[in-house]
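Listed below, chain by chain, are the residues.
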Amino acid sequence: MHTKSVAELATDLGSKKISSVELTQHFLKRIQQHDNDLNSFITVCEERALADAKAADEMRQQGKAGPLTGIPMAQKDIFCTKGIKTTCASKILSNFVAPYDATVVERCQQAGLVMLGKTNMDEFAMGSTNENSYYGAVKNPWDQTCVTGGSSGGSAAAVAAGLTPLATGTDTGGSIRQPSALCNLTGIKPTYGRVSRYGMIAYASSLDQGGPMGRSAHDIALLLQTMAGFDPKDSTSIEREVPDYPATLEAKLDGLRIGLPKEYFATGLDANVANVIDQCAKNLEKLGAKLLEIALPTTASHVPTYYVIAPAEASSNLSRYDGARYGMRCEDPKNLEDMYKRSRGEGFGAEVKRRIMVGTYALSAGYYDAYYLKAQKIRRLICDDFNNAFKEVDVILGPTYPTTAFKIGEKLQDPVSLYLADIYTIAVNLAGLPALSMPAGFNKGLPIGAQLIGNYFTEAQLLNVAHQYQQATDWHHKLAEGY
Amino acid sequence: MSISESDVLNIAHLARLEIETTDIPKYAQDLSSILELVEQMQTQNTDQIVPMAHPLNATQRLREDNVTEPNQRDLAMAIAPAAEAGLYLVPKVIEEQDA
């Protein structure tokens, strides 16, 4: 059952071949079997899942079932869930039970999706290895000695190992796409404002965006349909109709103009990854697309700009964790300042502290113009780069990540080398664009992802291109051994 | 840009973060290399460029000034580390005067 697509599972549920309760029990059992090794879940909510499943079966009985009613899924532990712990993989929120549901969680529940649990992640979504979790690193099902990528590493491992058919992720600089690439999944970061951020714990508010992760473009199109849409509770949510994503998956790619940014194939890209992306481009050409070389001249500034804006916004957002109103408070605070400093010092991990300090420095008196303002100016130039590119092409193709998954612990001591590897994913967040990562091949048994970047609100097109590619290839069908 | 150990202490204070004395050299080194990376922004010419606030130039949405939320004070305060009678309890803020 865990190797079937979401559409196949939906058909089985629809024909009463299986009930949601049975399906849910199957996945709960798989979590029990495999997650001691993988560590992909922070919380498994068995009782809630079975109650959701029972409700879904009743919805179906009453003829009220939608396309995803009864399908199990996992929520990244950054989405607030009423009555169920939401930790953001941080010690400071290790006892936090939100008094409300995130809009994404609410929408999933209304659609009749079954919540299996909350997945592991880099603390406050800061990281690209999932090693920065208070709950420990997540292991990559393709090689348990390797990282899953991050920050949505728990979601990636859980789907890749068949512990859940679908999961949510969030993407501030690549956190959906990069773990999808490293674990052989399809994941999409929608246009900024497409999916509500209400109840999604903030890291860098002008960059954060939630999205679905699954095995195929078809699977995630179904979940995005549920997640996307205007939400008055999120002041940056965009009031714009959501297209029918599954409806356009079958469109042919004849005449589609695909841009290959020359900067994305320059020094720093692993030769094996480069070969796989070249092959992917050739396959798309065979499907009718036209390949064109394009330029994104600001590429060298993307990483430096991101590592000012994201930490600056993080330092401001994370000032709310003060030990006073919710979350962890240190033992026996001597005075108010001691309470703030020790609650935060003991509650945050090393990477979170590093980013808070970088952001604090960048925003401190005398440095604002040189850092934050400069970065916001470059951000406009980055948008201009993409706007110019989209005059010539319909979508942009490139690698998602410069390498395949590396060993757990290998890069722990060198944060800058990890930051530099975000090179292909972060401009998309700075410009607010949608982008998707899809399985495109392997090197030494480890998956490689290809990234498609689209113009604003072209999620349907990205899903269409990925789906057509997946009709012609079988990389996304390959499963990690032992699961 | 090189960050000294006393800079680290100053930044940590501004951010209200306690850090272990033994970790200070590592933070100084890490922050220095991150800022060195960030410094590369300066090679990008941004004369006459208007800073970007939102990729789609969206502005803050306004709504009617109606009450939409019920009072959920008790629910919100139920998860506080220490609360009493609708107040969050924290260590004493005002020092006692010497007699």
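All values derive from a computational prediction rather than experimental measurement.

> Tell me about the overall build of chain A, and name the residues and values.
A tally of regular secondary structure across chain A gives 15 helices and eleven strands. Relative to the compact-globule value of 23 Å for 483 residues, chain A shows a C-alpha radius of gyration of 21 Å, a close match. Once the C-alpha set of chain A is aligned to its principal axes, its extents read approximately 65 × 50 × 45 Å. When burial is assessed residue by residue, chain A has 66% of its 483 residues classed as buried. Considering only contacts within chain A whose residues lie at least 6 apart along the sequence, 76% involve residues at least 24 apart. Here chain A contributes 48 positive and 51 negative side-chain charges, whose respective centroids are spaced 1 Å apart.

> Give a description of the overall build of chain B that names residues and reports values.
The helix and strand inventory of chain B stands at three helices and two strands. The C-alpha atoms of chain B give 23 Å as radius of gyration, which overshoots the globular expectation for 99 residues (13 Å, by more than 25%). Partitioning the contacts of chain B with sequence separation of at least 6, the portion at a separation of at least 24 is 28%. Just so you have it, chain B exposes about 7300 Å², and 50% of that area is on carbon and sulfur atoms. Across chain B, 6 positive and 17 negative side-chain charges occur, with their mean positions spaced 10 Å apart.

> So what's going on with the domain arrangement of chain A? Residues and values would help.
Residue and element names in this part refer to chain A. By the assigned domains, chain A splits into domain 1 (6-256 + 392-477) and domain 2 (302-378). A separation of 27 Å is found between the C-alpha centroids of domain 1 and domain 2. At the interface, 28 residues of domain 1 touch 26 residues of domain 2. For the domain 1 and domain 2 pair, buried surface summed over both sides reaches about 2400 Å², with 65% attributable to carbon and sulfur atoms. The interface formed by domain 1 and domain 2 includes 13 residue pairs in polar contact (both at pLDDT 80 or more).

> Mind laying out the state of the cysteines, listing which residues take part and the relevant values?
With the rule as written, the count across this model stands at zero disulfides over all chains. Free of any disulfide, A:Cys80 has its nearest neighbouring cysteine sulfur in A:Cys88, separated by 8.2 Å.

> Describe unusual backbone geometry, and please don't skip the residues or the numbers.
The step from A:Gly150 to A:Ser151 runs through a cis peptide bond, and the omega angle for that step is 10°. Mapped onto the elements, A:Ser151 comes out in the loop between strand E3 (114-119) and helix H5 (153-160). Even without being a glycine, B:Gln48 presents a positive backbone phi close to 65°. Examined against the element boundaries, B:Gln48 turns out to sit in the loop between helix H2 (24-38) and helix H3 (73-77).

> Quick rundown of the packing of helix H7 (residues 217-227) of chain A against helix H15 (residues 459-472) of chain A? Include the residues and the values.
Residues and elements named next belong to chain A. Axis separation between H7 and H15 bottoms out at 9 Å; the angle between their running directions is 155°. Overall, the two elements H7 and H15 adopt an arrangement that is roughly antiparallel. Here H7 contributes Ala217, His218, Ile220, Ala221 and Leu224 to the contact with H15, which in turn contributes Glu459, Leu463, Ala466, His467 and Gln470. Its residues assigned to classes, the contact of H7 with H15 comprises six nonpolar, three polar and one charged.

> Can you explain a nonpolar patch on the surface? Please cite residues and give values.
Residues and elements named next belong to chain B. Where nonpolar side chains cluster on the molecular surface, the patch consists of Val90, Val93 and Ile94 and spans about 290 Å² of accessible area. By the element assignment, Val93 lies in the segment after strand E2 (87-88). Residue Val93 is classed as exposed on the basis of its relative accessible area, which comes to 53%.

> Before we move on, can you summarise the interface of chain B and chain A with the specific residues and values?
On the side of chain A, 69 residues touch chain B, which itself brings 49 residues to the contact. For the pair chain B and chain A, the two sides together bury roughly 5300 Å², of which 69% comes from carbon and sulfur. Together, B:Met41, B:Met52 and B:Arg61 form the three largest contributors to the area buried by chain B at its contact with chain A, with a combined 14%. Here A:Arg354 ties to B:Asp30 by a salt bridge, and the two come within 2.9 Å at their closest N and O atoms. Linking chain B to chain A there are 17 residue pairs in polar contact (both at pLDDT 80 or more). Counting only elements with at least two residues in the side of chain B that touches chain A, the list comes to helix H1 (5-14) and H2 of chain B. Of all the elements, H2(B) adds the most residues to the side of chain B that touches chain A, at nine residues. Per-class residue counts for the side of chain B that touches chain A are 33 nonpolar, nine polar and seven charged.

Reading the values: the criteria
- Residues numbered from 1 in each chain as written.
- Chains lettered and ligands numbered in written order.
- Predicted model: local features only at pLDDT ≥ 70, side-chain atom pairs only at ≥ 80, totals over all residues.
- Heavy atoms only, no water.
- Helix = DSSP H or I, 4+ residues; strand = E, 2+ residues; numbered from the N terminus.
- Rg over C-alpha atoms; globule rule 2.2 N^0.38 Å.
- Buried < 20%, exposed > 50% of the residue type's maximum accessible area, 1.4 Å probe, protein only.
- Contact = heavy atoms within 4.5 Å.
- Lys, Arg positive; Asp, Glu negative; His and termini not counted.
- Charge placed at Lys NZ, Arg CZ, Asp CG, Glu CD.
- Areas by Shrake-Rupley, 256 points an atom, 1.4 Å probe, with all protein chains shown as cover.
- Domains from an automatic or database assignment.
- Buried area = accessible area lost by both parts, 1.4 Å probe.
- Polar contact = N/O pair within 3.5 Å; in protein donor to acceptor, adjacent residues only side chain to side chain.
- Disulfide = S-S within 2.5 Å.
- Axes fitted to C-alpha atoms, helices over the stretch in contact; angles between N-to-C directions.
- Parallel < 35°, antiparallel > 145°, perpendicular 65-115°, else oblique.
- Nonpolar A, V, L, I, M, F, W, Y, C, P; charged D, E, K, R; others polar.
- Patch = residues over 30% accessible without salt bridge, like charges linked within 9 Å, V, L, I, M, F, W, Y side chains within 5 Å.
- Salt bridge = Lys/Arg side-chain N within 4 Å of Asp/Glu carboxyl O.

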